[in-house]
Amino acid sequence: MQLTLVRGDLTEQKVDAVVNAANRRMRGGGGVDGAVHRRGGPAVLADCVRRFPHGLATGQAGWTTGGDLPARWVIHVVGPDYRAGETDRSLLTACYAGALRVADELGARTVAFPLVSAGIYGWPLADAADAAVTTLRDTPTEVREARLVAFDETAYAALAQSLSTT
Ligand code: AR6
């Protein structure tokens, strides 16, 4: 599997599936979640309601249609809310491993990832980048490209550092 890094907007990636940093309710929100629902349109929320009537637990992953996104599917993961005291790192790595498992179920071969929990949920940036890089590298998968999408320069720098040192 190829692990790549780009700077850009997750919702513009032309991949089989994009990963969304959602919350337990699975009904949209701010950050990348807001962008996914805006760009994906109402079909994404409708699928969330239908497929996840009770939401998802922290650390879990599940998929919906990509709606109007270039990607065919959205794989929603619920990262731990560091600011609220969810500091167990295995909850964060489970998001990446779970997203790859769901991608394999779907047959998605190219998957784009944001830096889960590193925004509104406040996970320290360098460790969030390390968790992403090491988990994506170490998890067996049929995915051919896992593309890390850094939204800003600081996220890009943290991911580049993790890719070169871990
Ligand atoms: N493309 C790529 N990355 C983005 C984009 C984008 N369009 N927008 C933001 N990021 P966050 P979290 C980056 O806050 O910390 C929501 O309200 C952002 O700079 O989106 O897991 C949910 O509903 C950061 O590096 O997700 C939850 O309630 C990374 O994506 C909560 O926020 C993650 O930031 C989840 O918080």
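Our subject is the structure listed above.
Description of the structure in this document. Each chain carries its own residue numbering, running from 1 in the written order of its sequence. Residues qualify for local features only when their pLDDT is at least 70, as the model is predicted, and side-chain atom pairs are given and counted only at 80 or more; totals for whole chains, interfaces and linings, by contrast, use all residues. Only heavy atoms go into the side-chain values, all of them from the structure, while hydrogens and water stay out.

## Focus on helix H3 (residues 89–106)
- The helix count covers DSSP runs of H or I at least four residues long, the strand count covers runs of E at least two residues long, and both are numbered beginning at the N terminus. Here a helix's expected span is defined as the number of its residues, less one, multiplied by 1.5 Å. With 18 residues, H3 extends 26 Å between its outermost C-alpha atoms, agreeing within 8% with the 26 Å of an ideal straight helix rising 1.5 Å per residue.
- Within the span of H3, buried status applies to Leu-92, Thr-93, Cys-95, Tyr-96, Gly-98, Ala-99, Leu-100, Val-102, Ala-103 and Leu-106.
- Against the buried residues of H3 lie strand S2 (17–22), strand S3 (61–65), strand S4 (73–78), strand S5 (110–113) and helix H4 (125–138).
- The first or second residue beyond H3 is Gly-107, which carries a positive phi of 85°. Think of it in three bands: with a 1.4 Å probe and only protein chains considered, a residue is buried below 20% of the maximum accessible area for its type, exposed above 50%, and partly exposed in between. Residues are treated as being in contact if the distance between any of their heavy atoms lies within 4.5 Å.

## Notes on the site of the ligand
- The criterion for a residue being near a molecule or strand is simple. One of its heavy atoms has to lie within 4 Å of it. Taken together, the neighbourhood of the ligand is formed by 21 residues, with Asn-23, Gly-30, Val-32, Asp-33 and Ile-120 sitting nearest.
- One of the side-chain nitrogen or oxygen atoms of Asp-9 is found 3.0 Å away from a nitrogen atom of the ligand.
- A distance of 2.8 Å is found between an oxygen atom of the ligand and a backbone nitrogen or oxygen belonging to Ser-117.
- Considering the ligand on its own, with 700 Å² of exposed area, one finds that the protein chains cover 91% of that surface. In protein, a polar contact requires one atom able to donate a hydrogen and another able to accept it; more generally it is a pair of N or O atoms within 3.5 Å, and residues adjacent in sequence count only if both atoms are side-chain atoms. Residue-level accessible areas treat just the shown protein chains as cover; the underlying method is Shrake-Rupley with a 1.4 Å probe.

## Brief notes about the pairing of S2
- Most of S2 sits inside the fold, with five of its six residues counted as buried.
- Here the rule is simple: two strands pair whenever DSSP picks up at least two bridges between them. Summarising the sheet, S2 and S4 pair through six bridges and their orientation is parallel. What sits directly across from Asn-20, in S4, is His-76.

## Focus on unusual backbone geometry
- Even without a glycine there, the phi angle at Met-26 is positive, about 65°.
- Mapping Met-26 onto the fold places it in the loop between S2 and helix H1 (31–40).
- Positive phi values are uncommon outside glycine, yet Ser-117 reaches one of about 70°.
- Examined against the element boundaries, Ser-117 turns out to sit in the loop between S5 and H4.
- The class for Ser-117 is buried, based on a relative accessible area of 5%.

## Remarks on the sheet that holds S5
- Pairing is mixed across the open sheet formed by six strands, whose spatial order is S1-S6-S5-S2-S4-S3. Edge strands, defined here as strands with exactly one partner in the open sheet, are strand S1 (2–7) and S3. The average angle at which neighbouring strand axes cross in this sheet is 25°, direction not considered.
- Relative to the sheet, H4 contacts S1, S5 and strand S6 (145–150), its axis offset from that of S6 by approximately 170°.
- Sheet strands touched by helix H5 (residues 153–165): S1 and S6. Its angle to S1, the strand with the most contacts, is close to 155°. Note on method: axes are straight lines fitted to C-alpha atoms, helices fitted across the in-contact stretch only, with angles between N-to-C directions ranging 0 to 180 degrees.

## Points about the side chain of His-76
- Mapped onto the elements of the fold, His-76 is located in strand S4.
- Within the structure, the side chain of His-76 is placed 3.2 Å from the side chain of Asn-20, a separation counted as a polar contact.
- Residues within four places of His-76 in sequence aside, it is in contact with Asn-20, Ala-22, Met-26, His-37, Val-44, Cys-48, Leu-56, Gln-60, Ala-61, Gly-62, Trp-63 and Thr-64.

## Re the packing of aromatic side chains
- Between rings of Phe, Tyr and Trp, where Trp is taken as its six-membered ring, a pair exists when centres lie within 6.5 Å; planes separated by under 30 degrees are stacked, by over 60 edge-to-face, and by other angles tilted. In total, this model carries two aromatic pairs according to the counting rule given.
- Both rings, one in Tyr-96 and one in Phe-113, keep their centres 5.8 Å apart while their planes meet at 35°; by these two values the pair is tilted. With Tyr-96 in helix H3 and Phe-113 in strand S5, the pair connects residues that are 17 residues apart, well separated along the chain.
- With relative accessibility at 1%, the residue Tyr-96 sits in the buried group.
- Overall, the relative accessible area of 1% leaves Phe-113 in the buried class.
- Lying over the aromatic face of Trp-63, Arg-51 brings its terminal NZ or CZ to 3.9 Å of the ring centre. Here, over-ring charges are defined by two tests on the NZ atom of lysine or the CZ atom of arginine: distance to the ring centre within 6 Å, and angle to the ring normal within 35 degrees.

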